[in-house]
Amino acid sequence: MAGKRKRKNGAEQRRGIHPRNRYSDNPPDFGLLASLYPSFEPYVFYSRDGRPKIDWTDFNATRELTRVLLLHDHGLEWWIPDGQLCPTVPNRSNYIHWIEDLLASDVIPANRADGDVNKGFDIGTGANCIYPLLGASILGWKFVCSDITDVAIEWANRNVKSNPHISGLIEIRRVSTEDKMYNVEELRNTQKFSSECSADSSNAKDQNDGPSASSVLESHSSETKSYNGPPVLLGVVKDGENFDFCMCNPPFFETMQEAGLNPKTSCGGTPEEMVCSGGEHAFIARIIEDSVKLKDTFRWYTSMVGRKLNLNILVSELWKVGATVVKTTEFVQGRTSRWGLAWSFLPASRKIIPSHKIEENNLSFMLEGLQRQHSAFHVLQSVESYIAKSGASCKLDAAAFKVDITASKDQIDTILKTETTDSRSEAASYHHELNISNSSNDYPSQPDALRFRILVFQLNPGTLLVRGTSLERESCTAGLFSLIFQHLEEVLINKFCRGRGSADARPSSKPGR
């Protein structure tokens, strides 16, 4: 039984890693790293079954692991002093790749802040400066990074300057704490409310159309504390600056005692990194308040969230303050789950998205004219129910609004034979593709199973974006995935789109193979 549980946990961990994360199929090999880096070798020990491990409660071990992973896999020189927050590379890479997905999507049209290069803002980069280092080295992004402490600013600069091949892409910006309202010592005071927040709320209502974030959040103020720390975005972003995105690993806790409740890990972290009055909800609420005022200064606003309860509350608050798009995802590493929250105030794209916009194995279509009772979750449930009828395996994740599907050849055949307007031609195309692949040496044989993911996003009331991603690496599966996705589009349009038949709902042009 124990062995079965271990295998199940391993599968869950792999499913939680972004498919483009370099550790998705190849998790860090501690034994190999110990043989290549003598400084890491003392921290590696072996279990009874011969598997290399490290002690996750040893800060020195986790710090050295991060150092060698950044050097070995990303060519980055890196270090932090004792006590500073030590990031895990696979988990932080998930966040980077998720933002890459957001920027590549058609939901919010691209408007490059800095020519053809994506430019991000890292709120509270810390001494580790992990997100800018990964984003610049993996994707060539530019960053402005903010922080408040001398140690964080010094070591973030050191880590940037230690990597001259990307140092020109990263700017470290100190946040002013001279104003009494933003005294750093107030980060340690978890009992005090900030009277200035009420003033900010009334000012925001006067200066902005629609309800301000502060006024929307006041319903929670009696239960949770307001953030009263240094500036987050307002007062840090300069006039005339524009960014493609911001990102943040917020202080998750209200006290250091709360932060130290997990005895199974030791990732360090100072009070300035880990704690603020009101915890993560208050901090992210401040980002929301700032975003309401900054609006289209950023294409996407994003943050990490540590508690699912807070995620649900924050999503509701974002719709109330007028966000045009809100997206969430889940990041998993081992037994730890974190969530990603993203939103925008830019108008969602109203143009017709091609029925099968093919970017390798990424496809999408829109459902428009939905009745009020049909939410993104209802559509996702319908996808699961429809696919499951073929016998295919479906794993629905309601929090991330996605369903992961594994279908065999016979199950794919069953899906495509289900009657719709174009089902006969789709099935014929499917068998034609099989015949081509089996009779030509230019095409590899078809896989025994096809794995893909369907996600549903709400753009605005009555409009949803359905996105599909093939989880297979072989290019030969793209055609089969496209056929299934085309079939699924027609099924969902027929079921959910009010007053629209499949013929006139389908875009007039289909992409070529």
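As the structure is a prediction and not an experimental result, all values here were calculated from the model.

Undergrad: Which residues make up the sheet that holds strand β5 (residues 170-174), and what values do they have?
TA: Strand order in the open sheet formed by 7 strands is β5-β4-β3-β6-β7-β9-β8, with mixed pairing between adjacent strands. Here the strands that pair on one side only, and so sit at the sheet edges, are β5 and β8 (325-333). Shown here is a sheet whose adjacent strand axes are inclined to one another by a mean of 20 degrees, direction ignored. Each of β6 (243-248), β7 (298-305), β8 and β9 (336-344) is contacted by helix α4 (residues 89-104), which is oriented at about 155 degrees to β8, the strand it contacts most. Here helix α6 (residues 150-161) sits on the sheet and contacts β4 (142-147) and β5; the angle it forms with β5, its principal contact strand, is near 170 degrees.

Undergrad: Explain helix α3 (residues 59-74) to me, using residue names and the numbers behind them.
TA: Taking 1.5 Å per residue as the helical rise, α3 with its 16 residues ought to reach 22 Å, and the 22 Å between its terminal C-alpha atoms agrees with that figure. For α3, the tally of buried residues reaches 13 of 16 residues, placing the bulk of the element in the interior. Where α3 begins, one side-chain oxygen reaches toward the backbone nitrogen of Asn-60, 3.0 Å away; that side chain belongs to Asp-58. Gly-75 sits one or two residues past α3 and shows a positive phi near 65 degrees.

Undergrad: Hey, could you go over the side chain of Asp-404 for me, with residue numbers and the actual values?
TA: Along the chain, Asp-404 falls in strand β12 (residues 402-408). For Asp-404, the side chain forms a polar contact with the side chain of Arg-453, separated by 2.5 Å.

Undergrad: Which residues make up helix α5 (residues 130-139), and what values do they have?
TA: Each α-helix turn comprises 3.6 residues. Residues three or four places apart therefore point the same way. Burial analysis of α5 places 7 of its 10 residues in the buried class, which makes it a mostly covered element. Those residues of α5 that fall on the buried side of the exposure criterion are Ile-130, Tyr-131, Pro-132, Leu-133, Leu-134, Gly-135 and Ala-136. A positive backbone phi angle near 75 degrees is found at Gly-140, which sits one or two residues after α5.

Undergrad: Any details on the side chain of Arg-67? Residues and values, ideally.
TA: For Arg-67, the location among the structural elements is in helix α3. In terms of polar contacts, Arg-67 uses its side chain to reach the side chain of Glu-64, at 2.9 Å. Not counting residues up to four positions away in its chain, the partners in contact with Arg-67 are Ser-39, Trp-78 and Trp-79.

Undergrad: Which residues make up the environment of Thr-57, and what values go with them?
TA: Mapped onto the elements of the fold, Thr-57 is located in the loop between β2 (52-54) and α3. A relative accessible area of 38% places Thr-57 in the partly exposed class. Of note is the side chain of Thr-57, whose polar atom sits 2.6 Å from the side chain of Asp-55.

Undergrad: So what's going on with the packing of aromatic side chains? Which residues, and what values?
TA: One pass over the full model with this rule turns up 19 aromatic pairs. With centroids separated by 6.2 Å and ring planes inclined at 75 degrees, the aromatic side chains of Phe-30 and Phe-40 adopt a geometry described as edge-to-face. Note that Phe-30 is positioned in helix α2 (residues 30-36) and Phe-40 in the loop between α2 and β1 (44-46), a separation of 10 residues in sequence. The buried category is assigned to Phe-40, whose relative accessible area is 0%.

Cut-offs used in this document
Residues numbered from 1 in each chain as written. Predicted model: local features only at pLDDT ≥ 70, side-chain atom pairs only at ≥ 80, totals over all residues. Heavy atoms only, no water. Pairing = 2+ DSSP bridges. Helix = DSSP H or I, 4+ residues; strand = E, 2+ residues; numbered from the N terminus. Axes fitted to C-alpha atoms, helices over the stretch in contact; angles between N-to-C directions. Contact = heavy atoms within 4.5 Å. Expected span 1.5 Å × (residues − 1). Buried < 20%, exposed > 50% of the residue type's maximum accessible area, 1.4 Å probe, protein only. Polar contact = N/O pair within 3.5 Å; in protein donor to acceptor, adjacent residues only side chain to side chain. Phe/Tyr/Trp six-rings, centres within 6.5 Å; stacked < 30°, edge-to-face > 60°.

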